[in-house]
Amino acid sequence: MNTIDAGAYVLRTRGLRKEYGREAGLVRAVDGVDLEVAQGETVAIMGPSGCGKSTLLYLLGGLDRASGGEIWLDGQDLTQMSERALARLRRDAIGFVFQAFQLMDELTAVENVELPALLASRSPRAARKRALDLLEQVGLADRARFLPTQLSGGQRQRVAVARALVADPLVVLADEPTGNLDSAATVEVLRLFDQLHTAGQTLVIVTHDPRVAATADRMISMRDGAFTDQTMLQGGTSGRLGSLAGLEG
Amino acid sequence: MGKIVLVARLAARDIRRHQAQAVLLLLAITAATTTLVLGLALSGVTNHPYQQTRAATNGPDLVVGYGVNLGPTFGVNLNPTQGPPPVSAAQLRADTSALTHLSGVTAYSGPYPVASVVLQTHGLTVPVQAEGREQTPAAVDQPKLTSGSWVRPGGVVIERTFAEALSVGVGDQVTLDGRPFTVAGIAVTAAAAPYPNCSLTNCMFTGPQTAPSSSNVSTLNVGLAWVTEADARAMASPQAPLSYVLNLKLKNPATAPALVNQIFAPGGVGAPTSAGIDSVNSWQAISSAAGELVQDEQSVLKAGSLLAVLLAVASVAVLAGGRMAERTRRVGLLKAVGSTPGLVAAVLVAENLALALVAATAGLVIGWAAAPLITNPGAGLIGTAGPPSITLATIGLTVALALAVALASTLVPAIKAARSSTVSALADTPRPPRRRAALIALSARLPVPLLLGIRMAAGRLRRAVLGAASIAVTSAGIVALLTFRATVDHDLGPAAGQVGDPVVTRDTQMLLVLTIVLVALAVLNAVCTAWATVLDFRRSAALARALGASPRQVSAGVAWAQVLPAVPGTLLGIPLGIGLFKAADHGMMTIPPVWWLAAAVLLTLAAVAALASIPALLGTRRPAAEVLQAETA
């Protein structure tokens with residue numbers, strides 16, 4: 001059983017809320033969420049569509065502003081940060097993987113991957129080298145000069161994962177990473193997340209796919225904007241659940 | 001019939017749904033049509049006022065200036081100390097007799113002595129032809145008083161345009177040739193063109209003449225005044241001898257130009273030119289010179305309407321291109337239910353043509369209403385131009401122009417849309433930006449705002465080119481104005497203590513108004529183009545923010561996407577503007593100083609950046625998460 005070091009939380013929230021509308025029209029998309037994610041931990045957040053999983057993820061990544069509560073990333077309070085500071089944080093400490101890949105169609109795979117490094121004002125040469133290394137890591141070195149329209153769904157998502165890793169982030173936030181993929185592509189991406197987990201990357205994955213959740217150390221259930229229960233997963237991908245996901249131990 | 005009804009219905013519904021865009025389109029085309037109508041309305045606008053002035057003053061058909069021997073430098077005395085030698089009294093009598101006995105002459109007045117003197121008032125020093133007159137009315141050419149009374153000893157009557165330029169009125173004190181005079185009256189005449197164009201006809205300054213811009217008195221613009229005959233003769237000197245003016249009435253006024261030729265033909269009374277007859281002007285020539293105030297305006301307006309048309313085409317193309325993108329699904333629907341590509345294109349073009357017709361009508365109405373503001377023939381003629389002439393030709397030309405602008409901007413996008421795949425049109429997938437590998441590679445080496453800006457501009461190159469064209473046209477207008485200003489300052493402007501040129505003043509006002517219209521259109525265009533960029537790249541911008549770009553960097557990127565194409569546009573406007581000025585004004589031209597042009601370029605680019613930042617900032621207010629989730633949904 002994995003143990004979590006209580007003093008090594010990368011990501012923490014207290015009473016996190018996100019509300020839309022007012023009075024009779026008030027919708028609580030995230031309703032008082034407390035979350036703690038330790039260094040190197042993989043946490044899966046599961047729940048039905050519309051339960052607020054993606055909204056929670058965007059709050060954790062500073063892409064949206066909370067209505068209340070606290071978010072701490074590596075000891076910094078995101079709720080008190082300016083837009084500029086949040087942008088810097090996303091450059092340096094957070095990697096995003098989206099359900100719809102969100103690649104720029106006019107850029108090749110390597111140009112998509114190096115983009116965050118260029119936004120961080122790294123030298124073009126260093127950015128390109130890092131991007132090529134990551135594409136090699138995800139098994140797409142031979143597809144570096146391909147446009148997204150020339151790649152399969154699984155390949156596009158692997159490019160997106162490589163892009164998320166360019167800045168060697170503290171945490172990777174993945175929003176339904178296999179939501180748009182077929183079974184074979186799903187397995188490709190799951191293997192990739194497994195590799196990241198083994199390498200000690202902190203991951204928070206939002207999903208409604210139990211196969212994806214099975215790769216995690218901990219699974220949190222979410223309903224109507226709030227956490228309902230939490231399960232520690234034994235053995236992770238090397239256990240019984242891992243084999244059910246199609247991953248060999 | 002059903003197809004026509006369908007096309008009209010769809011066009012009307014679409015205009016109602018996108019009213020803001022329709023208004024912008026209307027404004028752009030209306031600006032072009034209005035300037036065209038104003039330019040056309042000026043044709044012949046001074047004919048009627050001149051005829052009114054001729055009738056009121058019993059104006060002459062021929063005006064003859066004579067009495068000094070100007071020699072081979074006809075009309076220009078380059079000797080700074082000595083005037084041209086006067087002809088003998090016998091020669092003068094012989095010339096007078098010959099002229100008054102010409103075939104066709106039915107009446108005459110004069111010869112009146114004319115003194116070439118310097119008028120000083122209110123710190124101004126101006127050359128003047130002071131014509132000596134009897135206190136009793138003349139049979140031919142009796143200037144009509146618009147205020148005050150006629151000449152008296154020590155009293156001077158000043159031509160009205162000249163008086164306005166001097167800012168003098170009845171009762172003011174002036175000096176002529178150092179002698180004090182009181183302004184007794186203000187009058188108009190049909191025997192000479194109004195100031196400053198008197199010198200184009202019969203105002204010959206026999207005193208020492210110098211070029212404009214020198215510290216001495218400039219004799220480029222000579223004023224006209226009337227004094228008593230005794231006062232005129234008293235002001236003659238060897239340096240500026242008297243000349244004489246004779247006004248002739250003809251049996252058939254239409255023959256005046258032919259008689260001028262006859263006078264100067266071999267064997268004619270005015271040949272050879274070394275004799276004492278120095279200038280002969282027909283009433284037709286004087287009328288034409290009197291119209292120069294308005295003719296210059298017309299040249300400026302015609303050049304301005306060309307610029308406005310070009311700007312309107314660029315503006316409409318940007319707006320129309322954006323609207324086409326929004327109608328992709330409609331195109332798919334029409335084709336799915338059986339419309340031919342031709343009908344689809346007709347639907348897409350019809351609403352722009354309808355708006356163009358409305359703009360043509362608006363241009364005609366606004367131009368007709370505003371024309372009296374600029375068709376004032378000037379103070380030198382009495383009467384007004386009357387209602388501007390909006391002829392069938394003007395209407396036809398205006399409508400044709402408006403339709404041409406609409407078609408030029410929308411026909412190609414409409415045909416392309418009509419030929420697109422029905423399935424992809426129904427799917428309504430956003431058109432991805434074009435890939436420009438070289439620009440993408442180049443931008444990787446640049447700071448983040450430039451990286452984003454170059455990629456945005458490169459992704460929509462047609463829009464960038466249209467933006468550059470729009471800025472080029474505006475810049476050309478500004479440079480033309482600067483060129484005019486430089487030319488006026490260097491060549492036409494008064495030296496210290498000299499009187500300004502009303503033609504120059506009026507042209508400056510006209511150019512300024514035109515430039516303001518062009519700038520307003522360009523502002524509209526810049527904001528629309530920037531907003532279209534923000535909408536087009538909202539997903540990319542949200543993604544860039546998700547990957548670590550700050551909102552300020554993204555906003556700056558949008559601004560750079562507009563500024564980068566504006567740089568070549570602004571620079572291209574410099575030779576365009578100078579060329580436009582040269583084409584509109586075939587006379588003198590001075591290129592503006594380099595620092596003027598540099599300041600214009602920098603200010604234009606700063607304005608483009610500032611205007612682009614408004615939609616850019618508005619676009620980044622929406623949280624990135626919202627945009628990305630909306631794109632995923």
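Computed from a predicted structure; not experimentally measured. (Residues numbered from 1 in each chain as written. Chains lettered and ligands numbered in written order. Predicted model: local features only at pLDDT ≥ 70, side-chain atom pairs only at ≥ 80, totals over all residues. Heavy atoms only, no water.)

Asks: What exactly am I supposed to notice about the sheet that holds strand E5 (residues 76–77) of chain A here?
Replies: Sheet strands associate in pairs through backbone hydrogen bonding, adopting either a parallel or an antiparallel arrangement. Residue and element names in this part refer to chain A. Strands sit in the order E2-E1-E4-E5 across an open sheet of 4 strands; the sheet is antiparallel. A strand with exactly one partner marks an edge of an open sheet, and here the two such strands are strand E2 (27–38) and E5. Where strand E1 (residues 9–20) and E2 come together, 9 bridges link them in antiparallel fashion. Bridge pairing in E2 links Glu-19 to Arg-28. The sheet strands contacting helix H1 (residues 53–60) are E1, E2 and strand E4 (68–73), and the helix crosses E1 at an angle near 120°. (Pairing = 2+ DSSP bridges. Helix = DSSP H or I, 4+ residues; strand = E, 2+ residues; numbered from the N terminus. Contact = heavy atoms within 4.5 Å. Axes fitted to C-alpha atoms, helices over the stretch in contact; angles between N-to-C directions.)

Asks: Any chance you could explain the interface of chain B and chain A here in plain terms?
Replies: Think of interface size as the accessible area that goes away when the parts come together; that is how it is often given. Listed per partner, the contact involves 31 residues of chain B and 30 residues of chain A. With both chains or domains summed, chain B and chain A bury close to 2,700 Å², and 62% of this area falls on carbon and sulfur atoms. Taken together, chain B and chain A are joined by 1 salt bridge. Those elements that place two or more of their residues in the side of chain B that touches chain A are helix H15 (448–459), helix H18 (538–546), helix H19 (551–584) and helix H21 (624–632) of chain B. (Buried area = accessible area lost by both parts, 1.4 Å probe. Salt bridge = Lys/Arg side-chain N within 4 Å of Asp/Glu carboxyl O.)

Asks: How should the sheet that holds strand E3 (residues 42–46) of chain A be read in this particular structure?
Replies: All names here are of chain A. Within the open sheet, the 6 strands sit side by side as E6-E7-E8-E3-E9-E10. Their pairing is mixed. Each end of this open sheet is capped by a strand with a single partner; those strands are strand E6 (94–97) and strand E10 (226–232). Strand-to-strand twist across the sheet, computed as the mean angle between neighbouring axes with direction ignored, equals 20°. Pairing of E6 with strand E7 (residues 171–175) involves 4 bridges; the strand directions are parallel. Looking at E7, one finds that Gly-95 is bridged to Val-172. Where helix H6 (residues 183–198) meets the sheet, it contacts E3, E7 and strand E8 (202–207), and its direction lies at approximately 150° from that of E8.

Asks: So what exactly am I meant to see when it comes to the confidence of the model for chain A here?
Replies: Reading fine detail from the predicted coordinates is not recommended where pLDDT is low. All names here are of chain A. Confidence in the prediction of chain A, expressed as mean pLDDT, is 87, and 90% of residues score 70 or more. Long-range and interchain partners of residues 1–6, a stretch whose pLDDT sits below 50, account for 8 contacts in this model, where long-range means more than four residues apart. Contacts from residues 236–242, a stretch scored under 50 in pLDDT, to residues over four places away or in other chains number 14 contacts. (pLDDT = per-residue confidence, 0-100.)

Asks: Sorry, what's going on with the packing of aromatic side chains here?
Replies: The relative placement of two aromatic rings is captured by the distance of their centres and the angle of their planes. In total, this model carries 8 aromatic pairs over all chains according to the counting rule given. Aromatic pair Tyr-58 of chain A and Phe-98 of chain A: ring centres 6.4 Å apart, planes at 40°, arrangement tilted. Of this pair, Tyr-58 of chain A sits in helix H1 while Phe-98 of chain A sits in the loop between E6 and helix H3 (109–119), and the two are 40 residues apart along the sequence. With centroids separated by 6.1 Å and ring planes inclined at 40°, the aromatic side chains of Trp-150 of chain B and Trp-226 of chain B adopt a geometry described as tilted. Residue Trp-150 of chain B is located in the loop between strand E4 (144–148) and strand E5 (155–159), and its partner Trp-226 of chain B is located in strand E8 (residues 223–228); the two are separated by 76 residues in the primary sequence. Note on Trp-150 of chain B: relative accessible area 11%, which makes it buried. (Phe/Tyr/Trp six-rings, centres within 6.5 Å; stacked < 30°, edge-to-face > 60°. Buried < 20%, exposed > 50% of the residue type's maximum accessible area, 1.4 Å probe, protein only.)

Asks: Would you take a moment to explain the side chain of Ser-282 of chain B for this structure?
Replies: Residue and element names in this part refer to chain B. Looking at the element boundaries, Ser-282 is found in strand E10 (residues 277–282). Accessibility expressed as a relative area gives 8% for Ser-282, which makes it buried. Sequence-distant contacts of Ser-282, defined by excluding residues within four places in its chain, comprise Asp-61, Leu-62, Ala-256, Pro-257 and Val-260.

Asks: Explanation requested: the pattern of salt bridges in the structure shown.
Replies: Note on pairing: side chains with opposite charge can pair once their charged atoms come close. Scanning the entire structure with this criterion turns up 20 salt bridges over all chains. Note that Glu-131 of chain B is salt-bridged to Arg-133 of chain B, the shortest N-O span being 2.8 Å. No difference in accessibility class separates Glu-131 of chain B from Arg-133 of chain B, as the two residues are buried. The closest approach of N and O atoms between Asp-536 of chain B and Arg-460 of chain B, which form a salt bridge, is 2.4 Å. One end of the pair, Asp-536 of chain B, is in helix H17 (residues 502–536); the other, Arg-460 of chain B, is in the loop between H15 and helix H16 (461–492), and 76 residues separate them in sequence. You can call Asp-536 of chain B partly exposed: its relative accessible area is 31%. When its relative accessible area of 7% is taken as the criterion, Arg-460 of chain B is described as buried. One salt-bridge network, held together by shared partners, links Arg-17, Glu-19 and Arg-28 of chain A.

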